Amino acid sequence: MSSSPFERLPPSDHREAVPPTSPVVISVPHAGRDYPVSLKTALRVPLAALLPLEDRLVDAVARSARTDQVTIIQRRARAWIDLNRGEDERDAQLDEGARSIPLAQQSAKMRSGLGLVPRRVSGAGDLWARRFTDAEMTTRIVDDHRPYHAAIAAALQAAHARFGVAVLLDIHSMPPLGPGGTRIVLGDRFGHAAAPRFVDRAETACTAHGFSVARNAPYAGGHILERHARPDIGIHAIQLEVDRSVYLDRKLHAPGAGFARVVDAVRAILTGLADEALSTSLAAAAE
């Protein structure tokens, strides 16, 4: 019998239409707030120290903005497992089953302690009182990481099969970049994850709602885009990063005065991406 109601919840919330009614798929991998007991008992820091890892309440933005898009939202906290890292990004300093990777071959995220399971958080230092066994890590991969990616792959495949094109919008939030800083960052892995016309439509929707936008700096997109984007066959992916200060309160904890404006902007992005995808599909059919 489970020791926590969290451990009885499905790891992700998957809302879908069969067959899909939109070519756009939504992913929200980092907003989970379910912290299993086995995670809490392994901590060497207060649970509150993990909160900066959350894309705080950006799942609420996605739920409010979505209309008919397949939507996949992770329930488990990012501290449990990071779905935007590859299965091979296991940190040998934390994970007994990880192979040792030379420092020069590690990603910048791995070197900073943000691998498949985060080891460190800025301002808190090392998070865990012990290392995790290979069996523990494998369970998280099998129960959480693989099903999430399988759901994304299936949703994109279904959308592509129906419309001839599919677009993934991978929604995140970011710490404020400072006064006057960029409020939204669109990542397409420097043109490798999506055709420019889709990023253009997303940027137009953002600027129409008064948000300053950057592309690929400082966030270009991670494992989710790398794994699922195939623009060469009509499967595109964009990472959306929203400054938390524009939709949360001053403590960056609860919805703030700008929440509705951000929801409207995200809904406009979704509409623009779908319109661009369907226009592309119709043009291809006419040729």
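Structure first, text after, so check above.
Worth saying up front: this structure is predicted, and the values here are computed from it rather than measured.

Caption draft 1: Highlighting the layout of surface pockets. When its volume is computed, the largest pocket comes out at roughly 940 Å³. As for the largest pocket, its lining consists of 37 residues, and the residues nearest its centre are Arg78, Arg85, Lys109, Leu114 and Tyr219. Going through the elements one at a time, strand 4 (120-121), strand 6 (166-174), helix 6 (223-228) and strand 9 (235-243) are the ones with two or more residues in the lining of the largest pocket. No other element matches strand 6, which puts three residues into the lining of the largest pocket. Of the residues that constitute the lining of the largest pocket, the class distribution is 12 nonpolar, 12 polar and 13 charged. In this structure, the second largest pocket occupies an estimated 160 Å³ of space. In this structure, the second largest pocket is lined by 12 residues; those nearest its centre are Ser38, Trp80, Glu136, Thr139 and Arg140. The element best represented in the lining of the second largest pocket is helix 4 (residues 134-163), accounting for five residues.

Caption draft 2: The pattern of salt bridges, seen in detail. Overall, the coordinates contain 21 salt bridges when judged by the stated rule. For Asp91, the salt bridge identified is with Arg119, shortest N-O distance 2.6 Å. Taken together, the residues span a long stretch of sequence, with Asp91 in the loop between strand 3 (70-74) and helix 3 (108-111) and Arg119 in the loop between helix 3 and strand 4 at a distance of 28 residues. Here Asp91 and Arg119 have matching classes, each one buried.

Caption draft 3: Here's a closer look at the pairing of strand 3. Burial analysis of strand 3 places five of its five residues in the buried class, the great majority of the element. Residues Val70, Ile72 and Gln74 point to one face of strand 3 and Thr71 and Ile73 to the other, with burial holding for every one of them. The sheet contact formed by strand 2 (residues 24-28) and strand 3 spans four bridges and is parallel. Directly across from Ile26, in strand 3, lies its bridge partner Thr71.

Caption draft 4: Examining helix 2 (residues 58-65) more closely. Buried within helix 2 are the following residues: Val58, Asp59, Val61, Ala62 and Ala65. Down the axis of helix 2, the smallest arc covering the buried residues is 155°, so these residues share one side.

The rules behind these values
Residues numbered from 1 in each chain as written. Predicted model: local features only at pLDDT ≥ 70, side-chain atom pairs only at ≥ 80, totals over all residues. Heavy atoms only, no water. 1 Å grid on protein atoms, 1.4 Å probe; cavity = no way out; pocket = protein on both sides within 12 Å on 5 of 7 lines; lining within 4 Å. Points joined across faces, edges and corners; volume = space filled by probe spheres on them. Helix = DSSP H or I, 4+ residues; strand = E, 2+ residues; numbered from the N terminus. Nonpolar A, V, L, I, M, F, W, Y, C, P; charged D, E, K, R; others polar. Salt bridge = Lys/Arg side-chain N within 4 Å of Asp/Glu carboxyl O. Buried < 20%, exposed > 50% of the residue type's maximum accessible area, 1.4 Å probe, protein only. Pairing = 2+ DSSP bridges. Arc of directions from axis to C-beta.

All we've got here are geometric facts, nothing functional implied.
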